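As a plain string of letters, each chain reads:
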Amino acid sequence: MNPKPTSPTNPTRPRPTRPLRIGPRAAAALILVTLIGIAAFGWPLLADAQSGLAHSQDAPWLFAALLPLLVGVVVATIADQGMDARAVAMLGVLAAVGAALRPLGAGTAGLEPMFFLMVLSGRVLGPGFGFVLGAVTMFASALLTGGVGPWMPFQMLAMGWFSLGAGLLPGPQLRGRAELALLTAYGFLGSFAYGTIMNLQGWVLLQGLGQGVSFRPGDPLPENLARFFAYCLATSLGWDLGRAALTVVLTLTLGGTLLRALRRATRKAAFDAPVSFDSGAASDGDHPPERAHPATHGDIGPAQR
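Sequence order as written defines the numbering, with residues in each chain counted from 1. Thresholds applied to this predicted model are a pLDDT of at least 70 for local features of residues and 80 or more for the giving and counting of side-chain atom pairs; totals over whole chains, interfaces and linings are not thresholded and use all residues. To obtain the side-chain values, all non-hydrogen atoms of the structure were included, while hydrogens and water were left out.

Looking at the side chain of glutamine 201
Short version of the rule: Helix and strand definitions here come from DSSP, where helices need a minimum of 4 consecutive H or I residues and strands a minimum of 2 consecutive E residues; each element is numbered from the N-terminal end. Each residue's exposure class comes from its accessible area (1.4 Å probe, protein chains only) as a fraction of the maximum for that residue type: buried when under 20%, exposed when over 50%, partly exposed otherwise. In this analysis, two residues are considered to be in contact whenever any of their non-hydrogen atoms come within 4.5 Å of each other.
As for its placement among the helices and strands, glutamine 201 is situated in helix α7 (residues 177-203). Assessed through its relative accessible area of 11%, glutamine 201 is described here as buried. Contact partners of glutamine 201, with chain neighbours within four places excluded, come to Phe41, Pro150, Trp151 and Phe154.

Structure, rendered in structure tokens:
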């Protein structure tokens, strides 16, 4: 009586590998840049009437010069703590694809197909990789489209936040329709959030538009908030709606396929696999060299070639 082959019960599911881990220093640097970024975007609302910052036209340009340095610090810190050659290669490929997608609809009703790629990449590859990918993609697309200006560092930071948020979404074990529904909802809301945040950067530079929508330095916070939301409704609602709608459509139609492709590429790359060397195994003669397997019925032997 032959014993029945045993099979492992309750096999454990492998943890999803991510090419980039956020260590303590990287997390601290990212928090620092986030806090300074909040001040950079929201200084018109945070500064009071007596502050020189509220009446200074140089503040946006100062922040624009400071933000690339801070974003560079975060990118370098994260890369120093875990980005190897394989992760850099994947970063380059995804950033190139995202930069190429942006010009396809950037001039038509706010249609920007790169946003759905940032959502899916951040979800699969994690918040650290997502932040770096968002910032690098926006930088590359600005060079590609000639969109380099004082707004570029703000776009890089906002897109980094957008992709980072996708990596922080709950339910890492979700798959199928539930995961697509989660990513669709995030892409829809995140597209509006991105447009609203970017409006803060341009709102202070476009003064004199009208009594109901112009920024007034030093005015009470509720009044400036009311003008800001009126400015958003009047200038960018249509663009944000187009961006959100396209992100939803692309996520629902292509999201499942792209998620599987990204996860397959991550598993094959084995970013988390440690690299070890067997010292002396080939020189001490203890282990004989591997022998070639004989050709089977499905293989081609030397005589058949």
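That shown, we press on.
Remarks on helix α5 (residues 127-145)
How we decide: For a helix, the expected span equals 1.5 Å multiplied by the residue count minus one.
In a regular helix each residue adds 1.5 Å, so 19 residues correspond to 27 Å; α5 covers 27 Å between its end C-alpha atoms and thus fits that length. Backbone geometry just downstream of α5 places glycine 146 in the positive-phi region, at approximately 75 degrees.

Here's the deal with a nonpolar patch on the surface
Our working rule: A patch is a set of surface residues, each over 30% in relative accessible area and not in a salt bridge, joined within 9 Å for like charges and within 5 Å for the nonpolar side chains Val, Leu, Ile, Met, Phe, Trp and Tyr. Here the accessible surface of atoms and residues is derived via Shrake-Rupley with a 1.4 Å probe, and residues count as covered only by protein chains that are part of the display. We define a salt bridge as a side-chain nitrogen of Lys or Arg found within 4 Å of a carboxyl oxygen belonging to Asp or Glu.
On the surface, a nonpolar cluster with roughly 430 Å² of combined accessible area is contributed by Ile31, Leu35, Ile38 and Leu46. With respect to the secondary-structure elements, leucine 35 resides in helix α1 (residues 24-46).

Notes on the packing of α1 against α7
As a reminder of what qualifies: Helix axes are fitted to C-alpha atoms over the stretch in contact, other axes to C-alpha atoms as well, and angles between N-to-C directions run from 0 to 180 degrees. Two helices crossing with the near one rotated counterclockwise from the far one by less than a right angle form a left-handed crossing, whereas a clockwise rotation gives a right-handed crossing. Under the grouping applied here, Gly and all other residues not named as nonpolar or charged are polar, the nonpolar ones being Ala, Val, Leu, Ile, Met, Phe, Trp, Tyr, Cys and Pro and the charged ones Asp, Glu, Lys and Arg.
Two elements in contact, α1 and α7, have axes separated by 9 Å at closest approach and are oriented at 65 degrees. Handedness of the α1/α7 crossing: left-handed. For the pair α1 and α7, the contacting residues are Phe41, Gly42 and Leu45 in the first and Ile197, Met198, Leu200, Gln201 and Trp203 in the second. Looking at the contact of α1 with α7, its residues break down into 6 nonpolar, 2 polar and no charged.

Topic: the packing of aromatic side chains
Remark: the centre distance and the inter-plane angle together describe each pair of aromatic rings, the angle taken between the planes. For clarity, the threshold we go by: Aromatic contacts are taken between Phe, Tyr and Trp rings whose centres are within 6.5 Å, Trp giving its six-membered ring; a plane angle under 30 degrees counts as stacked, one over 60 as edge-to-face, and the others as tilted.
Following the criterion strictly, the structure yields 8 aromatic pairs and no others. With a centroid separation of 5.1 Å and an interplanar angle of 70 degrees, the aromatic rings of phenylalanine 115 and phenylalanine 162 are classed as edge-to-face. Highlighted residues: phenylalanine 115 in helix α4 (residues 114-125) and phenylalanine 162 in helix α6 (residues 152-167), separated in sequence by 47 residues. Take phenylalanine 115 and phenylalanine 162: they sit in the same class, and that class is buried. An aromatic cluster is defined as three or more aromatic residues linked by ring pairs; in this entry it consists of Phe115, Phe162, Tyr186 and Tyr194.

Describing the nonpolar core
Selection criterion: For this analysis, a nonpolar core means a set of buried residues of the types Ala, Val, Leu, Ile, Met, Phe, Trp, Tyr and Cys, connected via side-chain atoms within 4.5 Å.
In this structure, Phe41, Leu94 and Met159 are the most contacted members of the largest nonpolar core, which totals 55 residues. At the level of elements, α1, α3 (85-101), α4, α5, α6, α7, α8 (221-235) and α9 (237-269) are the ones that each hand at least two residues to this core. Broken down by element, this core gets its largest block of residues, 10 residues, from α6.

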